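What the coordinates show
These are the residues of each chain, in order.
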Amino acid sequence: MLKQVADGVWVRQSEWVRSNAVVVRGDDGVVLVDPGISGADLDELADEVDGLGVPVVAGFCTHLHWDHLLWHSRFGDVPRYATRACAEAAGAVRERAQAMAAESAPGIPLELIGLVTPLPADGGPVPGELIEHEAHAIGHAAILLADRGVLIAGDMLSDVLIPLLDPRRPGQVDAYEAALDRLAEAARTVEVVIPGHGAVAEGPEVAARIAADRAYLDALRRGAEPVDARLEQDWLAGPHKANLEQARRSS
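Criteria and cut-off values
- Residues numbered from 1 in each chain as written.
- Predicted model: local features only at pLDDT ≥ 70, side-chain atom pairs only at ≥ 80, totals over all residues.
- Heavy atoms only, no water.
- Helix = DSSP H or I, 4+ residues; strand = E, 2+ residues; numbered from the N terminus.
- Rg over C-alpha atoms; globule rule 2.2 N^0.38 Å.
- Buried < 20%, exposed > 50% of the residue type's maximum accessible area, 1.4 Å probe, protein only.
- Contact = heavy atoms within 4.5 Å.
- Areas by Shrake-Rupley, 256 points an atom, 1.4 Å probe, with all protein chains shown as cover.
- Pairing = 2+ DSSP bridges.
- Salt bridge = Lys/Arg side-chain N within 4 Å of Asp/Glu carboxyl O.
- Expected span 1.5 Å × (residues − 1).
- Right-handed = clockwise from strand over helix to strand, strands pointing away.
- Disulfide = S-S within 2.5 Å.
- Axes fitted to C-alpha atoms, helices over the stretch in contact; angles between N-to-C directions.

1. Notes on the overall build of the protein chain
Along the protein chain, the regular secondary structure elements total five helices and twelve strands. Compactness check: the protein chain gives a C-alpha radius of gyration of 17 Å against a globular reference of 18 Å for 251 residues, within 12% of the reference. Along the longest, intermediate and shortest principal axes, the C-alpha atoms of the protein chain span 50 × 40 × 35 Å. Split into buried and exposed, the 251 residues of the protein chain put 55% on the buried side. Looking at the protein chain alone, contacts between residues at least 24 apart form 64% of all its contacts between residues at least 6 apart. When the accessible surface of the protein chain is totalled, it reaches about 11,000 Å², and 52% of it is carbon and sulfur.

2. Notes on the pairing of strand β2 (residues 9–13)
With four of five residues buried, β2 lies mostly within the body of the structure. As judged from the three bridges shared by strand β1 (residues 3–6) and β2, these two strands associate in the antiparallel manner. The residue of β2 that forms the bridge with A6 is V9. The turn linking β1 back onto β2 is made up of two residues, and G8 within it adopts a positive phi angle of 70°. As defined by bridge partners, β2 adjoins strand β3 (residues 20–25) across five bridges and the pair is classed as antiparallel. Along β3, the bridge assignment pairs Q13 with N20. Counting the residues between successive antiparallel strands, the hairpin from β2 to β3 contains six residues, one of them, V17, with a positive phi of roughly 45°.

3. Re the pattern of salt bridges
Considering all chains together, one arrives at 21 salt bridges under this definition. Because the salt bridges share partners, they merge into one network encompassing R12, D41, E44 and E48.

4. Comments concerning the sheet that holds strand β7 (residues 117–118)
What the seven strands build is an open sheet, ordered β1-β2-β3-β4-β5-β6-β7; its pairing is mixed. Two strands lie at the open edges of the sheet, namely β1 and β7, each paired on one side alone.

5. Details of the environment of G223
Here G223 is to be found in the loop between α4 (204–222) and α5 (237–250). Remark: the alpha-carbon pair of G223 and E205, spanning 18 residues in sequence, is separated by 27 Å.

6. Section: helix α3 (residues 172–187)
In this model α3 runs 22 Å from its N-terminal to its C-terminal C-alpha over 16 residues, within 8% of the 22 Å that 1.5 Å per residue would give. Taken together, the buried positions of α3 are occupied by Q172, V173, A175, Y176, A179, L180, L183, A184, A186 and A187. Among the structural elements, β8 (129–133), β9 (140–145), β10 (150–154), α4 and α5 are those in contact with the buried residues of α3.

7. Comments concerning the pairing of β10
The buried fraction of β10 amounts to five of the five residues, a majority that puts the element mostly inside the structure. Every second residue of β10 is oriented toward a common face, with V150, I152 and G154 on one face and L151 and A153 on the other, all of them buried. Counting the residues between successive antiparallel strands, the hairpin from β9 to β10 contains four residues, one of them, G149, with a positive phi of roughly 70°. When β10 meets strand β11 (residues 192–195), the two strands line up parallel, connected through four bridges. Along β11, the bridge assignment pairs V150 with V192. Read from β10 through α3 to β11, the crossover connection turns out right-handed.

8. Description of the environment of E111
Tracing the chain through its elements places E111 in the loop between α2 (84–104) and β7. Put simply, E111 and E95 are 16 residues apart on the chain and 9.8 Å apart in space, counted from C-alpha to C-alpha. Those residues in contact with E111 that lie beyond four places of it in its chain are R94 and Q98.

9. Some words on the state of the cysteines
Following the criterion strictly, the structure yields zero disulfides and no others. In this structure C61 is not part of a disulfide, and its nearest cysteine sulfur, from C86, lies 4.0 Å away. Under the relative-accessibility criterion, C86 is labelled buried at 0%.

10. Digging into the sheet that holds β10
Reading across the sheet, the five strands line up as β8-β9-β10-β11-β12 and stay open at both edges, with mixed pairing between neighbours. If you trace the sheet from one side to the other, it starts and ends with β8 and β12 (201–202), each paired once. Strands in contact with α3 are β8, β9 and β10; relative to β8, the strand with the most contacts, it is inclined by about 160°.

So this is what it looks like as C-alpha cells:
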C-alpha cells in the first residue's frame, strides 16, 4: 500500500527484503524509482498509481542490481533512466538480472528488466538533484528532493542492511566512506530518508543511520567485529565476511 511520506512522495514496501518502491510527483506526472519486487507487487503498485490520477512519465533506477531494474507494462512505455555509468553497464548484467528475478520474483516481466538509458544532463522529468557515487554498485545514485525534505538513498542508509561493498571492485571501503560524506551533506537539508530496503528514516533517525554505517566501516578498517544489530540476520553473514576480506586487502 502506498504511504505518503512527504508532499508528492509515496513509498510502497514489498515483503522481499523490505524493498521500497518510490513514487515521486513531477511537473508532468509521476516518476517511479526502483519499482518492485514481484509481478503481484508491480500490479498492485500500478493500481495504486492509477488511483492517484496522475500519469507515469518516467522510471529511474538507482543502481544496476536486479531488484532495482524492474518494470511492468502497466506503467507504460515511458523512458527509464539511470546514471550514465549505470546505464552503460546494465546491458552486461541484464541476463544475470533476469535469471535472479526469475528465481526470486515470480510474475516479473523478464523482458522489461534493465532497459535503462542515461538521464539527460537537465534531469528530464526526474525532479531534484542526483547524487552519484561509486559505493555498492557502479553508477549508484541518490535523489535529493530538497524542496520536499526527502533523500531517496538507493541501497544506502538502511536499517536492515549493513553497508554492502561490491566484491568485484577494489577500494570499496574508501568509496563507501566518500559516498556517506556526500549523503550526509545532503541529509542536512532533509527530514526524510528513503532507503532501498527497510524503514523510512525521519528526524533524528536520519543521523543515526549515517552514524551506524560509519561505525560499521570503522570496524572494518580496524579489522574488528562490528557491534551492529543488523548482523543478527543470518543471511548477512556471507556479505559481511566478504566485506571483512576486502577491507583487509585494502589495508
